[in-house]
Structures are given as C-alpha cells and as structure tokens.
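In case you want the letters, here they are:
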Amino acid sequence: MSITAIKGMNDILPGEIETWQFLEATARNVFGTYGFAEIRTPAVEKTELFCRSIGETTDIVEKEMYTFDDKSGNSLTLRPEGTAPVMRSFIQNRLHTLDPVSKLFYMGPMFRYERPQKGRYRQFHQIGAEVLGVEDPKIDAQVLSMLNQYFCRIGIESVSLQINSLGCPECRPGYRQQLIDYLEQRLDSLCADCQRRYKTNPLRVLDCKASGCKEATVDAPEMLEHLCADCEEHFSAVKKHLLALTIPFEVNARMVRGLDYYVRTTFEMVTDRLGSQNAVAAGGRYDGLVESLGGPALPGIGFAIGVERLVLMKGEEKIIPPVPQLFIAALGQAACDQAFVLMTELQRAGIRAEMDYQGKSLKAQMRRANKLNAAYTLIIGEEELKSGEAQLKCMADSKQSQAKLGQLAELLMEKLTK
Ligand code: ATP
Ligand code: MG
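None of the values given here were measured: they were computed from a predicted structure.

1. Here we look at the overall build of the protein chain
Each helix and strand in the protein chain was counted, giving 16 helices and 16 strands. Over its C-alpha trace the protein chain gives a radius of gyration of 28 Å, far above what one expects of a compact globule, namely 22 Å for 418 residues. Expressed as lengths along the three principal axes of its C-alpha atoms, the size of the protein chain is roughly 90 × 55 × 45 Å. Looking at the 418 residues of the protein chain, the share that counts as buried comes to 50%. In the protein chain, the proportion of contacts linking residues at least 24 apart, taken out of those at least 6 apart, comes to 69%.

What follows is the structure, given as structure tokens:
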C-alpha cells in the first residue's frame with residue numbers, strides 16, 4: 001500500500017492552484033487598498049491560547065482541536081482559526097505602540113477535527129482580516145464594505161450578507177438567563193447536545209441544525225430585543241453606514257457565532273449553493289478579547305473567509321495556467337545539449353520555454369508542443385547548429401520565420417508582446 005494523505009486534508013494541484021492564487025492575489029490587492037498589512041503567525045500555538053479565547057464550551061475547543069503534547073510535555077494545538085494567534089502576536093510584539101489603529105490580514109491553513117464532507121475539511125484555509133483599536137461603527141461598515149468588494153472582485157455574486165448584534169457584557173447576561181429559562185421549558189424537544197449545553201452555552205442552541213431544536217426555538221427571545229442603549233445605538237449606526245455605502249444586508253436575529261469572544265456586530269456571508277456548508281465568510285466584533293489575553297483594552301473586529309468554499313463556488317470557471325511561450329524541438333545529441341542551454345537562457349530572460357528530455361522523435365516532440373499549447377516552436381538539428389539560425393513557427397497560424405539563435409530572446413519578446 002502506498003502512503004496516502006490524511007483524511008480531510010487535501011492536495012491542491014496544478015490546474016486548481018491557479019484559482020487559489022487568483023483568490024489570494026485579489027485579497028492582497030483589495031485589502032491593501034483599505035490599508036491592511038499582512039501578518040503571518042505559526043501554525044502551532046500553546047493550547048491555552050485557544051481555550052482562553054475561543055471558549056471552553058464551544059464546538060471548536062470541545063471536540064475539533066488537534067491538540068498534542070510535544071516531547072517536553074507542553075500542550076500544543078494546530079491553530080483552528082486565525083484571530084487568536086493574530087491577537088497573541090499583536091500583544092507580544094506590542095503592535096499597538098506603533099499605531100493606535102492596526103489593520104492586519106492573514107491567509108493560511110487552519111485545522112479542525114471535523115467530519116470531512118463537501119466544503120468541510122480537517123485542514124482548510126482561511127483568508128482573514130482584523131482591525132484593532134476602533135470602536136466607531138464606521139469601522140464595522142468599512143470591514144463589511146471590504147468583504148463585499150472582495151466578493152465582487154472575485155466574481156462571486158450568489159452570496160448575501162447577514163448581520164446581527166450579540167450585545168455586550170452589559171446586556172448579554174440578562175438575555176442569556178432569559179434564554180436558559182425559555183429552553184428549560186422545552187428541554188424534551190432539544191437534541192442530546194443541546195440538552196447538555198443549554199446552560200453553559202444557550203446561544204448555541206439557536207444555531208443547532210437538529211430539527212427538534214429549530215422547532216423548539218422559533219419563538220425564543222432574541223438578543224436584538226434585549227440590547228442595552230449603547231449596543232442598540234452602535235447596531236443602528238452600523239446599519240445606517242451600510243445603507244449609506246449601498247451594501248446590501250439582512251438582519252438575522254438568530255445568527256450566533258460559534259466562538260465566545262464575539263460581542264455586538266456579528267455577520268456571515270451565506271450562499272445557498274453549498275448545501276449545509278452555507279457560510280463562506282464569518283466574523284464580528286471582539287472588543288474584550290485583546291484585554292482578556294493580557295493586552296491593552298482595545299476593541300477589535302474581523303472576519304475569516306473559507307477559501308475551499310470560495311473555490312467550490314468558482315466551480316468550473318477554471319483559470320487557465322500559463323502555457324509555454326516556446327517549445328524547442330531538438331534532433332540529435334549535440335542539438336539537444338544546445339537546446340538545453342538556449343532554453344535556460346530564455347527562462348533567465350523571463351520567457352516560458354520548454355523542451356523534451358526523453359530523446360523522442362521530432363514528430364513526438366511536436367505532438368508534445370501541441371499538447372502543451374506552446375505559442376511558438378523552434379526546431380534545431382545539425383544544420384541549425386552550424387548556421388546559428390532556425391525556423392520559428394507560430395503555432396496559431398503555422399507561419400514560419402527565420403530566427404538567429406543568438407537573438408531569440410529579443411525576437412520572442414517582440415512577437416509575444418504584439
Ligand atoms: P460552520 O458553521 O460551517 O462550521 P464556523 O462557524 O465553524 O463554520 P468560522 O469558525 O466562523 O466557521 O470560520 C470562518 C469560515 O471558515 C467559515 O465561514 C467557513 O467558510 C470556513 N470554515 C470553517 N470550518 C471549515 C472547515 N472545517 N472546512 C472548510 N472551511 C471551513
Ligand atoms: Mg464549525
């Protein structure tokens with residue numbers, strides 16, 4: 001048996017990677033316009049970082065983390081999400097001393113031990129962004145505007161933005177208790193998971209996919225009806241700014257997020273094209289997080305986009321990988337050696353050149369040039385070596401022209417940029 005990859009962890013192959021590169025390059029471009037700088041953190045962190053930030057009673061910490069002891073007995077975890085590591089780095093490197101407002105973005109693999117299925121993997125990738133230091137609801141709208149623009153730029157239209165407010169430490173506890181009381185009356189209808197967690201994490205019940213839980217909570221009290229005056233004002237302002245920026249959104253009062261650190265504005269970009277994996281991006285405000293991790297009391301807001309889900313949505317719309325600009329067909333050992341030098345010189349000059357390495361016949365080499373979709377071919381044999389000139393053939397119109405081997409790079413550049 002040959003060795004295979006780990007279940008739920010995928011290779012990204014040539015032919016697929018072009019879509020990824022496009023999605024990543026567009027993120028760098030759009031986020032850069034909004035003043036965000038890229039940050040890269042390690043794939044592994046101390047387990048405590050995630051337990052303290054994401055929350056002990058969340059799905060991620062309860063059952064989805066890849067946690068192990070290293071050889072010194074330290075508990076380490078493959079990062080299940082990007083925000084906590086970015087906060088850790090922000091605090092450790094004292095980034096707030098450089099600028100009162102930090103706008104950061106990241107991209108990279110995340111790890112969660114989930115049941116693999118379409119749009120849900122054990123190693124998956126996120127592109128995320130965070131703003132630290134701004135409480136003004138304008139920044140909520142700006143982050144959503146950036147997310148919206150990103151989706152426009154990558155050409156994905158079938159998504160809609162849902163927003164909600166989860167209140168703050170001022171108003172949430174009262175609401176939470178009301179929800180617990182409400183759920184207590186309906187315990188028999190809840191699934192086993194929710195019966196277990198309704199007291200420790202009642203909001204998660206609103207998010208449960210089990211039909212019994214859905215039915216039992218149709219009339220459940222909503223956080224939006226229990227916001228304190230400050231949260232109410234903040235949420236109204238977010239909506240006002242979104243309207244001013246003509247960003248379409250819907251309020252979804254039942255949307256809760258699976259991480260404990262969210263307060264006030266939360267949001268998801270959802271689609272109906274991916275079955276139950278319907279969220280392609282999600283995020284929200286996390287005003288107390290930096291402080292709770294030992295940093296300054298700075299507000300924060302951010303989101304993460306699931307790249308695999310974007311790739312699925314881009315679907316058949318494949319981005320064509322670059323084809324060779326020249327294929328050199330060589331006949332005989334001496335010509336082959338010369339072709340190799342020529343090819344390397346062209347590559348050094350920035351031209352995508354290819355040749356055959358298997359001593360194939362001229363016919364077979366030309367077949368390969370065709371298969372690779374090379375723009376031009378050049379045939380060199382003994383004659384050409386002697387004269388220093390060869391026929392350059394344009395594969396699109398089969399037109400041939402005489403080319404001096406010593407000036408091939410210049411000639412090709414000229415032809416290719418026409
Ligand atoms: P879901 O409800 O689908 O489990 P989530 O609430 O756990 O998502 P977040 O932690 O908010 O997801 O992560 C942000 C985004 O990352 C999600 O909207 C999704 O697009 C993507 N994502 C999360 N988990 C996975 C996974 N296991 N495989 C692929 N993408 C994922
Ligand atoms: Mg999840």
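2. Examining the packing of helix 5 (residues 137-153) against helix 10 (residues 229-244)
Two elements in contact, helix 5 and helix 10, have axes whose closest approach is 8 Å; the angle formed by their N-to-C orientations is 45 degrees. Put simply, helix 5 runs oblique to helix 10. For the pair helix 5 and helix 10, the crossing hand works out as right-handed. Residues Pro137, Lys138, Asp140, Ala141 and Leu144 of helix 5 pack against His234, Ala237, Val238, His241 and Leu242 of helix 10. When grouped by side-chain class, the residues that make up the contact of helix 5 with helix 10 number six nonpolar, two polar and two charged.

3. Quick word on the packing of aromatic side chains
By the definition in use, this model includes eight aromatic pairs. Taking 5.8 Å as the distance between ring centres and 55 degrees as the angle between the ring planes, the aromatic pair formed by Phe31 and Tyr150 counts as tilted. Of this pair, Phe31 sits in helix 1 (residues 17-33) while Tyr150 sits in helix 5; the two residues are 119 residues apart in sequence, bridging distant segments of the chain. The same class applies to Phe31 as to Tyr150, namely buried. Pairing Tyr261 with Tyr286 gives two aromatic rings, centres 5.8 Å apart and planes at 75 degrees, and the pair type is edge-to-face.

4. What to know about the environment of Phe50
Of note, Phe50 is situated in helix 2 (residues 47-54). Taking the C-alpha atoms as reference, Phe50 lies 8.7 Å from Glu81; in sequence the two are 31 residues apart. Beyond its immediate sequence surroundings of up to four residues, Phe50 is in contact with Glu45, Gly55, Val61, Met65, Thr77, Arg79, Pro80, Glu81, Ala84 and Pro85.

5. Some points on the pattern of salt bridges
Between side chains of opposite charge, a pair can form as their charged atoms come close. Counted according to the given criterion, the structure contains 19 salt bridges. Between Arg40 and Glu38 there is a salt bridge whose closest N-O contact spans 3.2 Å. The closest approach of N and O atoms between Arg52 and Glu48, which form a salt bridge, is 3.3 Å. Remark: Glu48 and Arg52 occur in helix 2; sequence separation between them is four residues, near one turn of the helix. On the basis of relative accessibility, which here comes to 46%, the residue Arg52 falls in the partly exposed class. Look at the salt bridges and you will find they share partners, linking Asp59, Glu62, Lys63, Asp193, Arg196, Arg197, Arg204 and Asp207 into a network.

6. What about helix 14 (residues 362-371)?
Side chains three or four residues apart in an α-helix point the same way, a direct result of the helix having 3.6 residues per turn. Of all the positions in helix 14, only Ala364, Gln365, Met366 and Ala369 are classed as buried. Packed against the buried residues of helix 14 are strand 12 (326-330) and strand 14 (376-380). Directly beyond the C-terminal end of helix 14, a positive phi value near 65 degrees is found at Asn373.

7. Quick notes on the site of ligand 1
Near ligand 1, the surroundings consist of 16 residues, among which Arg112, Glu114, Arg120, Arg257 and Ala279 are the closest. A distance of 2.8 Å separates an oxygen atom of ligand 1 from a polar side-chain atom of Arg120. The contact in question runs from a nitrogen atom of ligand 1 to an N or O atom on the backbone of Tyr121, over 2.9 Å. Protein contacts shield 89% of the accessible area of ligand 1, which totals 580 Å² for the unbound molecule. Sorting the residues of the shell around ligand 1 by element identifies strand 6 (123-132), strand 10 (279-285) and strand 11 (300-306) as the ones contributing at least two each. Sort the elements by how many residues they give to the shell around ligand 1 and strand 10 lands first, with four residues. Here the shell around ligand 1 is built from residues that sort into eight nonpolar, three polar and five charged.

8. Some remarks on the nonpolar core
Judged by nonpolar contacts, the single largest core of 93 residues is most densely connected at Phe31, Leu147, Tyr150, Phe151, Phe267, Phe303 and Ile305. Filtering out sequence-adjacent residues up to four positions away, Tyr150 remains in contact with Leu23, Thr26, Ala27, Val30, Phe31, Ile127, Ile305 and Leu310. Judged by nonpolar contacts, the second largest core, of 22 residues, contains Leu342, Leu346, Ile351 and Ala409.

9. So, the pairing of strand 6
Counting buried residues along strand 6, nine of its ten residues qualify, which places the element largely inside the surrounding structure. Sheet topology places strand 5 (residues 102-111) next to strand 6; ten bridges connect them, and they run antiparallel. Bridging from a neighbouring strand, Gly108 pairs with Gln126 of strand 6.

10. Structural notes on the domain arrangement of the protein chain
When the domains of the protein chain are assigned, the result is domain 1 (17-171 + 227-314) and domain 2 (326-416). Relative placement of domain 1 and domain 2: their C-alpha centres are 50 Å apart.

11. Quick notes on the sheet that holds strand 10
Strand order across the open sheet formed by eight strands is 1-5-6-11-10-9-7-8, with mixed pairing between neighbours. Each edge of the open sheet is held by one strand with a lone partner, namely strand 1 (37-38) and strand 8 (250-251).

12. Regarding the packing of helix 1 against helix 5
Helix 5 packs onto helix 1 with a crossing angle of 140 degrees between their chain directions and a minimal axis gap of 10 Å. Classified by the angle their axes make, helix 1 and helix 5 are oblique. For the pair helix 1 and helix 5, the sense of crossing is right-handed. Counting all contacts with helix 1, which are made through Phe22, Leu23, Thr26, Ala27, Asn29, Val30 and Phe31, the residues of helix 5 involved are Met146, Gln149, Tyr150 and Arg153. For the contact of helix 1 with helix 5, the residue count by class is seven nonpolar, three polar and one charged.

Cut-offs applied
- Residues numbered from 1 in each chain as written.
- Chains lettered and ligands numbered in written order.
- Predicted model: local features only at pLDDT ≥ 70, side-chain atom pairs only at ≥ 80, totals over all residues.
- Heavy atoms only, no water.
- Helix = DSSP H or I, 4+ residues; strand = E, 2+ residues; numbered from the N terminus.
- Rg over C-alpha atoms; globule rule 2.2 N^0.38 Å.
- Buried < 20%, exposed > 50% of the residue type's maximum accessible area, 1.4 Å probe, protein only.
- Contact = heavy atoms within 4.5 Å.
- Axes fitted to C-alpha atoms, helices over the stretch in contact; angles between N-to-C directions.
- Parallel < 35°, antiparallel > 145°, perpendicular 65-115°, else oblique.
- Left-handed = near helix turned anticlockwise from the far one by under 90°.
- Nonpolar A, V, L, I, M, F, W, Y, C, P; charged D, E, K, R; others polar.
- Phe/Tyr/Trp six-rings, centres within 6.5 Å; stacked < 30°, edge-to-face > 60°.
- Salt bridge = Lys/Arg side-chain N within 4 Å of Asp/Glu carboxyl O.
- Near = heavy atom within 4 Å.
- Polar contact = N/O pair within 3.5 Å; in protein donor to acceptor, adjacent residues only side chain to side chain.
- Areas by Shrake-Rupley, 256 points an atom, 1.4 Å probe, with all protein chains shown as cover.
- Core = buried A, V, L, I, M, F, W, Y, C linked by side-chain atoms within 4.5 Å.
- Pairing = 2+ DSSP bridges.
- Domains from an automatic or database assignment.

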